[in-house]
Amino acid sequence: MKPIFILSLIAVYFCFLLLISYFTGKNDSNDTFFKANKRSPWYVVAFGMVGASLSGVTFISVPGWVQSSQFSYMQIVFGYLFGYLVIAYVLLPIYYHLKVTSIYEYLKIRFGNVSHKTGAFFFFVSRVLGASFRLFLVASVLQYFVFDAWNVPFEITVIISILLIWIYTFKGGIKTIVWTDTLQTIFMLFAVSATIYIILNKLDWTVSDIFASSEFKNYSRILFTDDFNDKKHFIKSFLGGMFITIGMTGLDQDMMQKNLTCKNTKEAQWNVISLGFVLIIVNFVFLVLGALLFIYADKFGIATPIVDGSTKTDLLFPEIALNGGLGMTISVFFILGLIAAAYSSADSALTALTTSFCVDFLDIEHKEESKQRSIRKKTHIFISMALVIVIVIFKYVLEDNVISSLLQVASYTYGPLLGMFTFGIFTKFKIKDSYVWIVAILSVIITYFINDYSVELFNGYVFGYELLIVNGLLTFIGLLLIKKLDKESV
């Protein structure tokens, strides 16, 4: 597919997003931008969150992960479901009861200002890195298959990507995101289904032939229970998935901001629970696609792309979709699915980061009403620029598979949030608020060294995504150490 055709598809797609933005952004108020006026239908939010939860990372990186990890990712996905149950029945009732705009306001109510700022800071770092991971992946694909042909620098590719997101979110905010996510989820799921269908035709297989083939069995192992030291062990993956969901969804302003646009707690709970079940099916389909991609590549002699001397399995899906002889139709579906997957998470991240920075750091709700809208818009621009800088840095430092890198980073950045919220919800202790930031930073540092030296310290044990639990536990213990005595609490 020629680069100019790809750009034409992207332009048409963004026209649809701008149309949605036009209708949802007519009321350019902060209440609309931050809360969607509390009128979002839960089923629309739930469907849109499928795309936001998956993102461009799942769309490209999960299929690319199959070669090295087979279907072990499903162990993590099973844990996701239990994490969503915790979110629905523990966290959501608290958020709705307190009527918060930013979920980190809970920490202010429970502990004090420093805890509030600390929680918001770790979210800010987490989401900037997470959104940057996702956009880096998509920008890399566009660079490799489009802009390199025109000698356009990677930095320009990134700036254009962020600018497009800013254009359709700067007025409607979360209200626009709720509806654009729905459109983006449709495109993403349709692209994956169409790719599987066309590859099966090329292989002359039926759906049942997939699961009966010896080639598929080489990639499809789900449960890993033989070596507890292995980071893919079921218990470690399951618990890691559960707590990653609690951290990256339940304690994340980006994901919770959409839930808080529902009319009441019950509808928000329906949204989260239905999402958990749907994601099991959808992620399995992505892994099946991954296996088919590697089978197809082996059969037709398609090499995995190499960038800067490194083999990039993340780029196998786009390589086959665009240059693998599947025809123009699948190329069109892939580009639309890729853009939808990327921007369904990146646009909401930009909105959530703007919300958190305005509410948690700038205290916008207590500013003069005449200045609130201006503050929000300036913050929106500032966050956009920050994302550009981080994505460009990733080009020079990121070496691992993107989804693996994303989950590893989450283990460090969401750990303090997990520990702080757990301590606040399940204990009645008051703490010395001014020391909370020290506890949070120390827990990250200690977690890093425990992970780095785990083989020597724990007889060959290698941490997987359960590292998040360790980080949260260290934060919890640290908060116990700075709890106020009874006399101090009076």
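Quick look at the structure, then. (Residues numbered from 1 in each chain as written. Predicted model: local features only at pLDDT ≥ 70, side-chain atom pairs only at ≥ 80, totals over all residues. Heavy atoms only, no water.)

Details of the packing of helix 13 (residues 265-300) against helix 14 (residues 316-323)
No. 1: It is at 10 Å that the axes of helix 13 and helix 14 come closest, and there the two elements cross at 60°. One element, helix 13, and the other, helix 14, form an angle in the oblique class. Remark: the crossing between helix 13 and helix 14 carries left-handed chirality. Across from L289, L293, F294, Y296 and A297 in helix 13, the residues of helix 14 making contact are L316, F317 and I320.
No. 2: Partitioned by chemical class, the residues of the contact of helix 13 with helix 14 number 8 nonpolar, no polar and no charged. (Axes fitted to C-alpha atoms, helices over the stretch in contact; angles between N-to-C directions. Helix = DSSP H or I, 4+ residues; strand = E, 2+ residues; numbered from the N terminus. Parallel < 35°, antiparallel > 145°, perpendicular 65-115°, else oblique. Left-handed = near helix turned anticlockwise from the far one by under 90°. Contact = heavy atoms within 4.5 Å. Nonpolar A, V, L, I, M, F, W, Y, C, P; charged D, E, K, R; others polar.)

Quick look at a nonpolar patch on the surface
No. 1: Nonpolar side chains collect at one region of the surface, where Y435, W437, I438, I441, L442, I445, I446, Y448, F449, Y453, L457 and F458 lie side by side and expose about 1200 Å² of accessible area between them.
No. 2: With 8 residues, the top contributor of residues to the nonpolar patch is helix 19 (residues 436-452).
No. 3: With respect to the helices and strands, I441 occurs in helix 19.
No. 4: For I441, a relative accessible area of 38% corresponds to the partly exposed category. (Patch = residues over 30% accessible without salt bridge, like charges linked within 9 Å, V, L, I, M, F, W, Y side chains within 5 Å. Areas by Shrake-Rupley, 256 points an atom, 1.4 Å probe, with all protein chains shown as cover. Salt bridge = Lys/Arg side-chain N within 4 Å of Asp/Glu carboxyl O. Buried < 20%, exposed > 50% of the residue type's maximum accessible area, 1.4 Å probe, protein only.)

Points about the environment of I306
No. 1: Tracing the backbone shows I306 in strand 1 (residues 306-307).
No. 2: Along the backbone, I306 and L316 are 10 residues apart, and their C-alpha atoms lie at a distance of 9.8 Å.

So, the nonpolar core
No. 1: With 141 residues, the main nonpolar core has Y95 and L292 as its most contacted residues.
No. 2: Apart from residues no more than four positions distant in its own chain, Y95 is found in contact with V100, I103, G250, L251, M256, L260 and F421.
No. 3: Among the nonpolar cores identified, the runner-up in size contains 5 residues, and Y412, I450, Y461 and L467 belong to it. (Core = buried A, V, L, I, M, F, W, Y, C linked by side-chain atoms within 4.5 Å.)

Overview of the environment of K117
No. 1: Looking at where K117 falls in the secondary structure, it is placed in helix 6 (residues 113-145).
No. 2: K117 sits in the partly exposed class, given a relative accessible area of 33%.
No. 3: In terms of polar contacts, K117 uses its side chain to reach the backbone carbonyl oxygen of D360, at 2.3 Å. (Polar contact = N/O pair within 3.5 Å; in protein donor to acceptor, adjacent residues only side chain to side chain.)

Some details on the side chain of S454
No. 1: Within the element layout of this structure, S454 appears in helix 20 (residues 454-457).
No. 2: Contact partners of S454, with chain neighbours within four places excluded, come to N459, G460, Y461, V462 and F463.

Concerning helix 19
No. 1: Helix length check: helix 19 (17 residues) gives 25 Å between terminal C-alpha atoms against 24 Å at 1.5 Å per residue, within 8%.
No. 2: Taken residue by residue, helix 19 has V436, V439, A440, S443, T447 and I450 as its buried positions. Looking down the long axis of helix 19, one finds its buried residues gathered within 95° of arc, a one-sided arrangement. (Expected span 1.5 Å × (residues − 1). Arc of directions from axis to C-beta.)

Section: the packing of aromatic side chains
No. 1: All chains considered together, the criterion is met by 28 aromatic pairs.
No. 2: Arranged with centres 6.1 Å apart and planes meeting at 70°, the rings of F136 and F154 form a pair that is edge-to-face. Taken as a pair, F136 in helix 6 and F154 in helix 7 (residues 154-169) lie far apart in primary sequence, 18 residues in all.
No. 3: Classification of F136 as buried rests on a relative accessible area of 11%.
No. 4: Centre to centre, the rings of Y296 and F300 are 4.5 Å apart; their planes meet at 35°, and the pair counts as tilted. Within this pair, Y296 and its partner F300 are both found in helix 13, separated by 4 residues, close to a single helical turn.
No. 5: An aromatic cluster is present here, built from F71, F211, F216 and F284 joined pairwise through their rings.
No. 6: The ring of F429 is capped by K483, whose NZ or CZ atom sits 4.2 Å from the centre of that ring. (Phe/Tyr/Trp six-rings, centres within 6.5 Å; stacked < 30°, edge-to-face > 60°. Lys NZ or Arg CZ within 6 Å of the ring centre and 35° of its normal.)

Overview of the side chain of R110
No. 1: Looking at where R110 falls in the secondary structure, it is placed in helix 5 (residues 105-110).
No. 2: Of note is the side chain of R110, whose polar atom sits 2.8 Å from the backbone oxygen of T427.
No. 3: The contacts of R110, once residues within four sequence positions are left out, are F423, G424, T427, K428, F429 and K430.

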